Amino acid sequence: LPSYPISVSVILNRITCAGSSLALSFVSRTQTIAVPSTFYFDKLSGLQSSFYVRSTVTGCFNLTISSAGTDVYIAAYHQLYVQNIRTPPKTPILSGATFSADGTKLTISFDSDINSRGLPSSDFNCSLAFRFVGSSFARCVWITNSSISVYSIQASLKLLPNDSVVLHPNVFQASCVPSFDCSTFSFVPRTSVFVSIPNDAISPTVVISAPTFISACDDIYLDARASLGSGGRYWSSVDWTVRNIDDNSFNTSIQQFLNSKTYTADVTALVPRRFFSPSTRYEITLFLRNFLGRQSVSSIRVNVLSANEYIPKVRIHGMFSSDSLSYIALVTFPSCSVYTPSVTSMLPLRFTWKIFQGLTFIPSLKSQSNDPRKFQMSLASLPASLMSYTIQVKVDILTESNVNMITTSDSVTIDILHPTITAIIAGATYRKVRSTDFLTLDGSKSFVNINSSSLLNYYWTCTLLSPEFGSPCDQFVYKRGSVITYPPNSFQSSKLYLITLTVSDSEGNTGTASCRIDFVDYSIPFVSIDSFSSRYISGSNIVLTARIHNNKKNCSAIWSSMNMPTLKQRSLDSISSTPLNRWLSSDISVFQLSLSSVDFVPGPVYTFRLSVSYLLSLTKFGYQDISFVINGPPYGGSLIISPLSGQALLTTFSFDTN
């Protein structure tokens, strides 16, 4: 908030529009102005104000907003295009096609809002409007009125940077504006642009998994499937190099073997033992490049033991349930070693279990099992503040004199899910109600994500949003309880309040939810919107149910959309299976809005408003706003299975997801 009064000025200067070669004519300050052009703010006033631009000429302008006063604020700048209302809008221009940073989609942009004739309003097959590699198998989705995202619907999409995207003619026009016959607008002509790469394009993260030590008779399995940053495609370049650390020479035979393989999305390789020499150290390097041209490299070291040394392998197997951890360590030797399964079972083995939080060893956490091969612990023993743990087992194979002969280890990482509280205030997130009515707020639907015996505590607070932003609420009574009711005149009219619910438990977990309430002093019907979801599954039906109390007076109720970015050029009544307007006369009426989620795309937040007013005062209305999103399908991630092959009932497979 400003410490002292300040004035804010808005100035417009004409500039040459991008792509125009026309000389600028003189424009006086009186021909293009902001109304009002000066604002005054202080710590007692609101922080928002508005203005409009009035001009007698068409063209591009630089808008500068600057302040004057004791407090110093950075000036703001914005370019805008002003057009005479009797001048048709200019024909849009295809301005670019750019991959997203992660490479999973393409954004096609125009320099101004467009309207399509004959295309579906939410999504369509890209070949109807564009031609590019794979366009027949790609889906185009409206993101804004001037941009379209391209999603591949088949893995065969091979569009690459610097490929061309061609716009078909007679598809798009300028967005329709009032007082014009929009069908007369010129179509965007056939245009082509080259696909570009964003500055923040994803770079690969190379991850190689391989044993640090192997026996001379072991094959080596190189697993780089956990590498990230491919952009959802096959790697465009995979290159291995292998260096003998002892004599600093490159092992060309291993390199040729690895680089002769055909790699797809997953990079794995099994290198036979014949390529390795005993008692040798190797540095194995992997270079990866994605289709966006970004590249990265990583190396590991592998030590091959002498011919008479055999390194065992230990693997941790088991699981953790909702209340305990239970693991067992299994030790195996290479098939070529002198240690057969019967001999292995007689070897003196020493098992050491440890728990780490990050890289920090926690000595106070110990296994509760009497069997040294097993690790058991109650989850109640784990600190509630820690979320992720690494359990490590180290196995020492001892000689008769208890001198270490061979040491090997394995570890697993577990994530403990602690309670998370979701606070919910029933009903609309933005409401306009009468100050002389009772106000009931219901937070009883708040919940904890996992079973918990802890009781929930509810605390309600208030902050003023307008006219004095951030000020405490006058005469507000802070209350506790899942459901609270305020009597009439508890809030002042002509003020906007933010009511916040904080839900907590005895373990210190909290969750918050808020709603904005605008109080008025005139008579309006009372509206409540029943339970609705903030998220809907694609393909499901969306039914918004409102109850209207109108004191047996005739009133009007109207459903409207506050933002429908993907319902291009379609009105709400074209996608609603129920009427949007109703005249109500009974004391209590139910008014529903029924929609199908197939008309929406995942991602954007959709907001709908129910407005109600008495027939004799249609300009004085109350409303309730609700918002929701459509869940999108999961994407990305990886599934790693180790080993890739084995014997039924004998081999234990590990599944790792990311």
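Residues numbered from 1 in each chain as written. Predicted model: local features only at pLDDT ≥ 70, side-chain atom pairs only at ≥ 80, totals over all residues. Heavy atoms only, no water.

Points about the overall build of the protein
Okay, step 1: Of the regular secondary structure elements, the protein holds 2 helices and 49 strands.
Okay, step 2: Burial status across the protein gives 41% buried among its 658 residues.
Okay, step 3: Considering only contacts in the protein between residues 6 or more positions apart, those separated by 24 or more positions represent 63%.
Okay, step 4: On the protein, roughly 35400 Å² of surface is accessible, and the fraction owed to carbon and sulfur atoms is 53%. (Helix = DSSP H or I, 4+ residues; strand = E, 2+ residues; numbered from the N terminus. Buried < 20%, exposed > 50% of the residue type's maximum accessible area, 1.4 Å probe, protein only. Contact = heavy atoms within 4.5 Å. Areas by Shrake-Rupley, 256 points an atom, 1.4 Å probe, with all protein chains shown as cover.)

Regarding the packing of aromatic side chains
Okay, step 1: For the coordinates displayed, the defined rule picks out 15 aromatic pairs.
Okay, step 2: Residues F257 and F275 carry aromatic rings whose centres are separated by 5.1 Å and whose planes lie at 40° to one another, so their mutual orientation is tilted. Taken together, the positions of F257 in helix α1 (residues 252-259) and F275 in the loop between β21 (268-271) and β22 (280-289) put the pair 18 residues apart, joining distant regions of the chain.
Okay, step 3: Taking 5.4 Å as the distance between ring centres and 70° as the angle between the ring planes, the aromatic pair formed by Y486 and F491 counts as edge-to-face.
Okay, step 4: Here Y486 falls in the buried class, since its relative accessible area comes to 3%.
Okay, step 5: Overall, the relative accessible area of 7% leaves F491 in the buried class.
Okay, step 6: In this structure an aromatic cluster arises from ring pairing among F110, F124, F130, W142 and F172.
Okay, step 7: For the cation-ring pair, R233 lies above F291, with the distance from its terminal atom to the ring centre recorded as 4.0 Å.
Okay, step 8: If you follow R516 out to its NZ or CZ, it ends over the ring of Y430, 4.0 Å from the centre. (Phe/Tyr/Trp six-rings, centres within 6.5 Å; stacked < 30°, edge-to-face > 60°. Lys NZ or Arg CZ within 6 Å of the ring centre and 35° of its normal.)

Brief notes about α1
Okay, step 1: Among the residues making up α1, those that are buried are I254, Q255 and L258. The arc that holds every buried residue of α1, seen down its axis, measures 100°, which confines them to one face. (Arc of directions from axis to C-beta.)

Focus on the state of the cysteines
Okay, step 1: Scanning the model with the defined rule gives 3 disulfides in all.
Okay, step 2: Here C126 connects covalently by a disulfide to C140, the sulfurs 2.1 Å from one another. Measuring handedness by torsion sign, the sulfur bridge of C126 and C140 sits at about 120° and is right-handed. Separated by 14 residues along the polypeptide, C126 in the loop between β10 (123-125) and β11 (130-131) and C140 in strand β12 (residues 138-144) bring together distant segments of the chain. (Disulfide = S-S within 2.5 Å.)

Quick word on the confidence of the model for the protein
Note that predicted coordinates carrying low pLDDT should not be read in detail.
Okay, step 1: Per-residue pLDDT for the protein has a mean of 79; in total, 83% of the residues score no lower than 70.
Okay, step 2: Contacts of residues 565-569 to residues separated by more than four positions or lying in other chains number 24 contacts, the stretch itself having pLDDT below 50. (pLDDT = per-residue confidence, 0-100.)

Quick look at the sheet that holds β22
Okay, step 1: Pairing is mixed in the open sheet, where 5 strands are placed in the order β17-β23-β22-β19-β20. Single-partner strands in this sheet number two, and they are β17 (213-214) and β20 (249-250).
Okay, step 2: As judged from the 2 bridges shared by strand β19 (residues 237-244) and β20, these two strands associate in the antiparallel manner. From the neighbouring strand, R243 faces β20, where its bridge partner is F250.
Okay, step 3: The strands touched by α1 are β19, β20 and β22; relative to β19, the strand with the most contacts, the crossing angle is about 160°. (Pairing = 2+ DSSP bridges. Axes fitted to C-alpha atoms, helices over the stretch in contact; angles between N-to-C directions.)

Comments concerning the pattern of salt bridges
Okay, step 1: In total, this model carries 8 salt bridges according to the counting rule given.
Okay, step 2: Residue R273 pairs with D219 through a salt bridge whose shortest N-O separation is 3.3 Å. Placement of R273 in the loop between β21 and β22 and of D219 in the loop between β17 and β18 (220-223) is noted, with a sequence separation of 54 residues between them.
Okay, step 3: Across the pair E283 and R243 runs a salt bridge whose closest N-O atoms are separated by 3.2 Å. Pair noted here: E283 is in strand β22 and R243 is in strand β19, with a separation of 40 residues, a long-range link. (Salt bridge = Lys/Arg side-chain N within 4 Å of Asp/Glu carboxyl O.)

Structural notes on the pairing of strand β3 (residues 38-41)
Okay, step 1: Alternating residues of β3 divide into F39 and F41, all buried, and T38 and Y40, none buried.
Okay, step 2: Here strand β1 (residues 6-15) pairs with β3 via 4 bridges, running antiparallel. Residue pairing across strands places I6 opposite F41, the latter belonging to β3.

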